[in-house]
Amino acid sequence: MKKIITLIAAVTLAACSAEMPHGEGGHTHAGHQMDKGIVVSSARVLPPFPGRDTAAGYMSITNHSKSDDKLVSVTSPISGAVEIHNHIEEDGVMKMRQVEGISLKAGETVELKPGSFHLMMFKAKLPEDQKDVSLTLNYQNAPSVTMIVPVEGRGEESYGSSHEGH
Ligand SMILES: [Cu+2]
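Residues numbered from 1 in each chain as written. Predicted model: local features only at pLDDT ≥ 70, side-chain atom pairs only at ≥ 80, totals over all residues. Heavy atoms only, no water.

Novice: Mind showing me how you'd approach the coordination of the copper ion here?
Specialist: Ideal geometry at a metal gives 109.5 degrees between four tetrahedral donors and either 90 or 180 degrees between six octahedral ones. For the copper ion, the full set of protein donor atoms is His 85 (ND1), Met 96 (SD), His 118 (NE2) and Met 120 (SD), and the range of their distances to it is 2.0 to 2.6 Å. Each of the four donor atoms around the copper ion contributes to a set of angles spanning 86 to 139°, which defines the coordination as irregular. If you list the donors of the copper ion from N- to C-terminus, the spacing comes out as H-x10-M-x21-H-x1-M. With His 85 in strand β4 (residues 81-90) and His 118 in strand β8 (residues 118-122), this pair connects stretches of sequence that are 33 residues apart. (Donors = N, O, S within 2.8 Å, 3.2 Å for Na, K, Ca; no water. Tetrahedral: all angles 85-135°; square planar, octahedral: opposite > 155°, others 65-115°. Helix = DSSP H or I, 4+ residues; strand = E, 2+ residues; numbered from the N terminus.)

So this is what it looks like as structure tokens:
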């Protein structure tokens, strides 16, 4: 873990140095804050199945910045424990695993979707009439972002059993 942090720090430093020659006015922020940053799209929350209390979260994350970053944690007022998971194939069987975070390589898009990376929101408090959920995404380098995400199936057609198998 320490090794990874050092490596990313080195990459960020290199990106900052590369931007120095521009010498734009008001260049008081760190280099990575001057980029377009990280853009999240198609974010949605799948409510728990009847009798369950675990909600799932899906989205598409694009890192438009020049340096690699990482989604390290997610928080939400509806759940005291939001975990980042991945599905990994082991001996031909798909297994779900909690992961430390999701690497967001510069210029690349990562999809959180069924059968791949996803968010698990345990003990979710999501009343029937609640149509959206606040999610805060915490990155290793970029500033944290809080966004309002629609609850799937509430106000539009549901994908139904897309998170089956949990
Ligand atoms: Cu999961």
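Novice: Is there a simple way to think about the pairing of strand β5 (residues 93-98) in this case?
Specialist: Regular strands have side chains that alternate between both faces of the sheet. Bridging between β4 and β5 involves six bridges; their strand directions are antiparallel. In the sheet register, Glu 90 faces β5, and the bridge partner there is Val 93. Count of turn residues in the β4/β5 antiparallel hairpin: two residues, of which Asp 91 carries a positive phi of about 55°. (Pairing = 2+ DSSP bridges.)

Novice: Can you help me understand the pattern of salt bridges in this one?
Specialist: Two side chains that carry opposite charge are able to pair once their charged atoms sit near each other. Scanning the model with the defined rule gives three salt bridges in all. One salt bridge in this structure joins Arg 44 and Glu 152, with 2.9 Å as the shortest N-O distance. Highlighted residues: Arg 44 in strand β1 (residues 38-46) and Glu 152 in the segment after β10 (145-150), separated in sequence by 108 residues. Residue classification places Arg 44 among the partly exposed residues on the basis of a relative accessible area of 23%. Using a relative accessible area of 5% as the deciding quantity, one classes Glu 152 as buried. For the salt bridge of Glu 90 with Lys 95, the shortest nitrogen-to-oxygen distance reads 3.3 Å. By relative accessible area, which is 27% here, Glu 90 ends up partly exposed. When its relative accessible area of 35% is taken as the criterion, Lys 95 is described as partly exposed. Residues joined by salt bridges that share partners form a network here, namely Glu 90, Lys 95 and Arg 97. (Salt bridge = Lys/Arg side-chain N within 4 Å of Asp/Glu carboxyl O. Buried < 20%, exposed > 50% of the residue type's maximum accessible area, 1.4 Å probe, protein only.)

Honestly, it's all geometry; don't read function into it.
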